[in-house]
Amino acid sequence: MFSCLFGAGIQWIHLRSDAPRLFGFPEFLSGLALLLLVWTIFDVRYRFRVATARIHVEKFAMIAMISVGCLTLLTDWWRATSRPVIAGSLLTPETWQAALAAVFFATLIAWTIAAFSSSNRFSAANANRFSEAVQKIIDRGRPDEISVLVEELGRSMGEIARHLHAPETAPSDERSAHACAERIANRFKDRNVCRTIVVECPTAIPAFFREIPSTDRPHPAAIRFAENLVAEAIRLDGSFLYNEDYFPAEDIDDEAPPHPASAALVCNRALLDNSSDLLAPREGSAVRLSLPQWHAYLGLVSLAHAAWMENPSPEPPDALHWARFFIDRQTSDLAQIREPVTFRSESYKSVEKELQFIGRLIAQLPETPPPSTGRWEPAISYIEAMAFSLIESAAEMKAPQASATKIQFSLIWEHLFSHSIRASAAGRQFQERIAARMLASIRECPSPDAVRLLSFCINALGLSATTAESRYGEPWRAFHMDLLAWMKTHLGPLLERYPRMSEDFVEGIEYDAPNHTLIRWYVKRGQRQPHPQTLLLTHRESIRQPSDSDQKPRGASNSLAWILRAAESAAQRILELARRTNNP
């Protein structure tokens, strides 16, 4: 072969085995050993950056290392055996070695730039490798690695969400940017990832959810991601939710804007309309929120309600609809209170938080009905249902009377019928609807729920209405007078026909059947205090005065019926007289 080359007229020279060596196989091995050592001790952060670089650094480095290693070994053997090389200055042995060294050095520089540069972002160029790197770290489940991953993902969250909701051009291509973004989003549902994002990198939340179109249905993976983020943010005391004042004492217009993460999660109408569990965590029915968690949760719901009011619809979004039932469950155990309630009691503060929340929702209603609906009906119906559920829960309280009164009147009644709520047109409509609904429910006596609601009103308002000259009680005076008028006419016969109705009354409320009087005693430390409130009720005989035709029955059946009614009335009077004689 060499004789042919020599015969071609090309000038050749033989390499000297003792010629200076710039970059040979020993130098290559030293550099490769150093590179492998550095790669072995690399942190997961740098491994992730190298794996997700726009250029496939690992593949390029593998080809370069194999090529440079083979060529340096061949060069050293060629020189050791003094093989001929082409004479001239175009490609000298020194230039050749310098070229191999440059390739090796370029590989090192590529590794360094990929590992220590923070500009790696999710894109179509690295989508497949990006998704594989994310899945490997999440599957290992190591908290320290997930923490690093979340920090690195912060710069790519917007790109992932954008590709996730972009139209899918090639549905069968599993290496497309959309398919890779979908696989990453499915991994985001992992609770460890959500927990780490909430605590260490909440800025990734608005970066992701800002890219979700507000008019389209979000991807199911994005919906589940948001639900898990909300659940973890409520559960973790150190989350961003606990750094905000959702219910400031000052004017609602002067409050600070919410945290970007909170706004991104619950102010996106696409999420509110398509997620039933966003504000009603799936495990929430079995979990009782602490007071800080309760405060943070109600704050989130108020933000969602404000987003609804910005773009009102005939029905509340799904998230708000199911949030109401979650809120109802959180205060459904007031009947289990047996100890005295104070202003520092957890139950008192829990109800107080909900009442502040209801007041805030009413304050968020516009001064004039929304043009799209022309009325406040959807929003007021939503708030009314929530307030009425709280009233029904408090109505189940019976004893001790002081605790029931503190919850039923001092908290619920005075908050819902306060002058501050009555100051707005929407607030007045809310109070009128609550009063009408309560009166309609009470008229369903002897239904147990209606009886408990009646007991609630008697315990909270008493048996005498305030005078028209007094400003105190003005918001509920009309309701109280209507209630007393109904009680005078209908409650006596109901209590005589269904005497066990009084078992559902609050402690201290009883019916004096012989005198047809409803009595409300003030109970202090288990002892009745003097001077109770009383209300004379219409008894059964006075409801229906016999007409002339009744006094002169026209048949045997009418006469028999009149005799039976008279006998029943006489028997009841005799029994009451005997009972009073035996129990003076």
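Bear in mind the structure is a predicted one, so any value in this text is a computation, not a measurement.

Peer 1: In this structure, what is going on with the side chain of Arg-269? I would like to understand it.
Peer 2: Here Arg-269 is to be found in helix α14 (residues 269–274). Polar contacts involving the side chain of Arg-269 include one to the main-chain carbonyl oxygen of Asn-311, which spans 2.4 Å. Discounting chain neighbours no more than four positions away, the residues touching Arg-269 are Ala-307, Trp-308, Asn-311, Ser-313 and Pro-317.

Peer 1: Help me out: how do you make sense of the pairing of strand β4 (residues 517–520) in this one?
Peer 2: Consecutive side chains of a regular strand alternate in pointing toward one face of the sheet and then the other. By the alternation rule, side chains of β4 split into Thr-517 and Ile-519 and Leu-518 and Arg-520, which are all buried. As judged from the four bridges shared by strand β3 (residues 509–512) and β4, these two strands associate in the antiparallel manner. Residue pairing across strands places Ile-509 opposite Arg-520, the latter belonging to β4. Where β3 hands over to β4, the hairpin turn is made up of four residues, of which His-516 adopts a positive phi near 55 degrees. When β4 meets strand β7 (residues 533–536), the two strands line up antiparallel, connected through four bridges. Paired with Thr-517 across the bridge in β7 is Leu-536.

Peer 1: When you look at a nonpolar patch on the surface in this model, what are you seeing that I'm missing?
Peer 2: Taken together, the side chains of Leu-71, Leu-74, Trp-77 and Trp-96 make up a nonpolar region of the molecular surface, amounting to roughly 350 Å² of accessible area. Top element by residues in the nonpolar patch is helix α4 (residues 57–80). It accounts for three residues.

Peer 1: What is the right way to look at the packing of aromatic side chains in this model?
Peer 2: Counted under the stated rule, the structure contains 20 aromatic pairs. The interplanar angle of 35 degrees and the centroid separation of 5.1 Å between the aromatic rings of Phe-188 and Phe-225 together place this pair among those described as tilted. Pair noted here: Phe-188 is in helix α9 (residues 177–188) and Phe-225 is in helix α12 (residues 220–235), with a separation of 37 residues, a long-range link. Here Phe-188 matches Phe-225 in class, with each residue buried. Above the ring of Phe-325, the side-chain terminus of Arg-324 is found at 4.5 Å from the ring centroid. Geometry around Phe-343 places Lys-406 over its ring, the cationic atom sitting 4.5 Å from the centre.

Peer 1: Can you walk me through the confidence of the model for the chain in this structure?
Peer 2: As a general rule, the predicted coordinates of low-pLDDT regions are not to be interpreted in detail. Residues at a pLDDT of 70 or more form 82% of the chain, whose mean pLDDT is 81. When pLDDT is averaged over each helix and strand of the chain, the minimum, 40, is found for helix α25 (residues 548–551) and the maximum, 93, for helix α22 (residues 448–461). pLDDT under 50 marks residues 542–559. Its contacts with residues more than four places away, or in other chains, come to nine contacts.

Peer 1: Just to check I follow, could you spell out the sheet that holds β7 for this structure?
Peer 2: Sheet strands line up and pair through hydrogen bonds in the backbone, either parallel or antiparallel. Overall, antiparallel pairing links the three strands, which are arranged β3-β4-β7 in an open sheet. Each edge of the open sheet is held by one strand with a lone partner, namely β3 and β7. Ignoring strand direction, the axes of neighbouring strands in this sheet form an average angle of 20 degrees.

What counts, and where the lines are drawn
- Residues numbered from 1 in each chain as written.
- Predicted model: local features only at pLDDT ≥ 70, side-chain atom pairs only at ≥ 80, totals over all residues.
- Heavy atoms only, no water.
- Helix = DSSP H or I, 4+ residues; strand = E, 2+ residues; numbered from the N terminus.
- Polar contact = N/O pair within 3.5 Å; in protein donor to acceptor, adjacent residues only side chain to side chain.
- Contact = heavy atoms within 4.5 Å.
- Buried < 20%, exposed > 50% of the residue type's maximum accessible area, 1.4 Å probe, protein only.
- Pairing = 2+ DSSP bridges.
- Patch = residues over 30% accessible without salt bridge, like charges linked within 9 Å, V, L, I, M, F, W, Y side chains within 5 Å.
- Areas by Shrake-Rupley, 256 points an atom, 1.4 Å probe, with all protein chains shown as cover.
- Salt bridge = Lys/Arg side-chain N within 4 Å of Asp/Glu carboxyl O.
- Phe/Tyr/Trp six-rings, centres within 6.5 Å; stacked < 30°, edge-to-face > 60°.
- Lys NZ or Arg CZ within 6 Å of the ring centre and 35° of its normal.
- pLDDT = per-residue confidence, 0-100.
- Axes fitted to C-alpha atoms, helices over the stretch in contact; angles between N-to-C directions.

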